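Working through the structure, step by step
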Amino acid sequence: MQTITELPSMTGLTNGYRSRTAYRLITEEDRVLVYDSERTFILRPPESIQKLIMSVSEPNKASAELISWLKETDLITNNCISKCYPEQTFILPSLTDISIDLSGNCNMDCKYCFEKPIFSRIGNMSDELIKKTLDFVFEKCEGSNTLSIHFGSGEPLIEFNKLKGLVDLATRMAENKGIDLAFELTTNGTLVNKEIAEYLAEHPFNVRVSCDGPPSIHNTYRALKDGSASYDRVERGLKEILSLMGDRVTVNSVICSGTRLRTIWDWAKSLGIQHIHTVKVGSKKDSGLAMTSHEASEYKTDLKYICNQIFTILSQGQKPMEFQPISKIIRRLMLPAPINRFCGVSGSYLGVASDGKVYPCFRHLGIEKYCFGDVENGIDDKSREQYRRYEAAPVDNRRGCSNCWARYLCGGGCYADPVIYGDKNNSPLFEQCTFWKLDIAKAISFYDEIRSIDPTYCLRMFGDDIDDIDDIINKHIIERPEFVKTRKTV
Ligand code: SF4
Ligand code: SF4
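Below: a short report on this structure. Bear in mind the structure is a predicted one, so any value in this text is a computation, not a measurement.

Running from N to C, helix H10 (residues 324-334) and helix H14 (residues 430-453) point in directions that differ by 60°, and their axes come no closer than 9 Å. Classified by the interaxial angle, the pair formed by H10 and H14 is oblique. Once H10 is placed against H14, the crossing between them reads as right-handed. Note on element contacts: H14 touches H10 through Asp-439, Ile-440, Lys-442, Ala-443, Ile-444, Phe-446 and Tyr-447, opposite Pro-325, Ile-326, Ile-329, Ile-330 and Leu-333. Residue classes in the contact of H10 with H14 are distributed as 10 nonpolar, no polar and two charged.

So this is what it looks like as structure tokens:
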């Protein structure tokens, strides 16, 4: 049984020193770990210290031996930054990611679709507006040398010809400006044929196919517009893309109440999928769609099953299928990269609806209250800043998150979910937190296990080499200069 408790603060014991915020964690295998949440470090205390760590209840009861270990590991520190990212200014970062809704339409009618309660199915984007959108995007990404264009609201492949036109135009504009351009497509897979798959493979696309697992699960939630089952068409499209793009394809599976993680994992493995991302469903409280705390124990068992399989594959010298809830956290622990927000919403990321209106991200399209302006007349950056101060506040200021042990690995949860489904638009959907924390706790113990057996397992998990890691570190430093400060003290 895994337990997590906060390590009492020793601040004030020694002049000029303070305790970093840290937690004691007993893993399912009974290993004692200390999780330094400020630096997202995992420490394995020597045996002589473990008992002292677990039993200390107040600072004045800490033994000299324990204090000395805490100083040695800089858990008692003279570093004055008490929180990871004390965001004093809200300077907007350059735009690096934009989601463009080309179709304003979808050919499916999924039970949990977030577009039902908002109003984004308004028909396709005109060619004139596509050009204006790109002018807007390239102006806003001034200062950045990369840009990723996402196609994902509704079903973008309904407008495949428009998509090709946009890709051509954006490619020319990026070349003129010396910007490194990439494309992300999220599709339900039903319209994919050989021609489309070949086109995507020949261009710098990463593709996400939405599929909830085997037919018994997928067809429960994801029907075509006429009500018929969609699984067979999705699987056909998915296989077409996988055969040409393998490693550039991720499958997004939405997890609802009753869905077992291990069923999705086994299904994904049987199809040769290389990246699987499970997403906790966003929904209204009374919809019955979201997992409940009664399912936590099964969820935990399934995480264990999946990590055991990953471990076996790693120990055979192979690269396992990437399982994103776990791999995402392990990546952050490897860097290490404490985060202060869940995503770049309203800052480095924006969403454009098919009528040219601009919103914090693709899941806010059509919610008038969150419209920042449009691509033709410009947007109000003050409203963007305001959104980042309140709805997407840094995790230290987010209602309900500021004292959560998992906050610098979680970031505070999706900001669109509470806006669409929640009672309060500045705190997360707490019913999801149980499962976020299970993911994070499992990732911590699994990371500690694999790095202690063979640190190269961590790289093999991602097919990484050391240059990739450097690139990621640089990206984090560019986005958050505070990170440099934290790293230098380590
Ligand atoms: S797990 Fe929940 S409470 Fe904790 S940081 Fe994430 S969203 Fe906030
Ligand atoms: S707010 Fe939610 S949906 Fe929007 S970009 Fe962030 S994580 Fe994605």
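From this point, the narrative continues.
To continue, consider the sheet that holds strand E14 (residues 349-352). Reading across the sheet, the 11 strands line up as E13-E12-E11-E10-E9-E8-E7-E14-E15-E16-E17 and stay open at both edges, with mixed pairing between neighbours. At either margin of the open sheet sits one strand with a lone partner, and together these are strand E13 (322-323) and strand E17 (378-379). In this structure, E14 lies alongside strand E15 (residues 357-359), joined through two bridges in antiparallel fashion. Its bridge partner being in E15, Val-352 is matched across the sheet by Val-358.

Sheet topology places strand E8 (residues 146-151) next to strand E9 (residues 180-187); six bridges connect them, and they run parallel. Residue pairing for E9: Phe-151 is matched across the bridge by Leu-185. At this point the chain moves from E8, through helix H4 (residues 160-177), to the parallel E9, and the crossover so formed is right-handed. Where E9 meets strand E10 (residues 205-210), five bridges bridge the pair, whose relative direction is parallel. Residue pairing across strands places Thr-187 opposite Val-209, the latter belonging to E10. Note on the crossover from E9 through helix H5 (residues 194-202) to E10: the handedness is right-handed.

With respect to spatial proximity, 13 residues lie near ligand 1, and among them Cys-401, Cys-404, Cys-410, Gly-413 and Cys-433 are the closest. Of all the secondary-structure elements, those providing two or more residues to the shell around ligand 1 are helix H12 (407-410) and H14. A total of three residues in the shell around ligand 1 trace back to one element, the largest contributor, which is H14. Among the residues forming the shell around ligand 1, the class breakdown is eight nonpolar, three polar and two charged.

Moving on to the site of ligand 2. The environment of ligand 2 is made up of Phe-342, Cys-343, Val-345, Tyr-349, Cys-361, Arg-363, Cys-414, Tyr-415 and Ala-416. Residues belonging to the shell around ligand 2 are distributed by class as follows: eight nonpolar, no polar and one charged.

Turning to the packing of helix H3 (residues 127-140) against H4, a few remarks are in order. Running from N to C, H3 and H4 point in directions that differ by 30°, and their axes come no closer than 11 Å. In terms of their interaxial angle, H3 and H4 are classed as roughly parallel. The hand of the H3/H4 crossing is right-handed. Side by side, H3 and H4 meet where Asp-127, Ile-130, Lys-131, Leu-134 and Phe-138 of the first sit next to Lys-162, Gly-165, Leu-166, Leu-169, Ala-170, Met-173 and Lys-177 of the second. Here the contact of H3 with H4 is composed, by residue class, of seven nonpolar, one polar and four charged.

Here the bond from Leu-335 into Pro-336 is cis, since omega is -15°, no more than 30 degrees from zero. Structurally, Pro-336 can be placed in the loop between H10 and E14. Despite not being glycine, Asp-74 shows a phi value in the positive range, around 65°. Turning to its location among the elements, Asp-74 is positioned in the loop between helix H2 (64-72) and strand E6 (76-77).

Another aspect to go through is the sheet that holds strand E3 (residues 22-26). With antiparallel pairing, the four strands of this open sheet are ordered in space as E1-E3-E4-E5. Strands at the two margins of the open sheet, each flanked by one partner only, are strand E1 (3-6) and strand E5 (41-43). The average undirected angle you get between the axes of adjacent strands in this sheet is 25°. Where E1 lies against E3, four bridges are found, and the strand directions are antiparallel. Bridge pairing in E3 places Thr-3 opposite Ile-26. Of the strands in this sheet, E3 and strand E4 (32-36) touch helix H1 (residues 47-55), which is tilted by about 65° from E4.

Here is what the cut-offs are and how they apply
Residues numbered from 1 in each chain as written. Chains lettered and ligands numbered in written order. Predicted model: local features only at pLDDT ≥ 70, side-chain atom pairs only at ≥ 80, totals over all residues. Axes fitted to C-alpha atoms, helices over the stretch in contact; angles between N-to-C directions. Helix = DSSP H or I, 4+ residues; strand = E, 2+ residues; numbered from the N terminus. Parallel < 35°, antiparallel > 145°, perpendicular 65-115°, else oblique. Left-handed = near helix turned anticlockwise from the far one by under 90°. Contact = placed C-beta atoms within 7 Å. Nonpolar A, V, L, I, M, F, W, Y, C, P; charged D, E, K, R; others polar. Pairing = 2+ DSSP bridges. Right-handed = clockwise from strand over helix to strand, strands pointing away. Near = placed C-beta within 6 Å.

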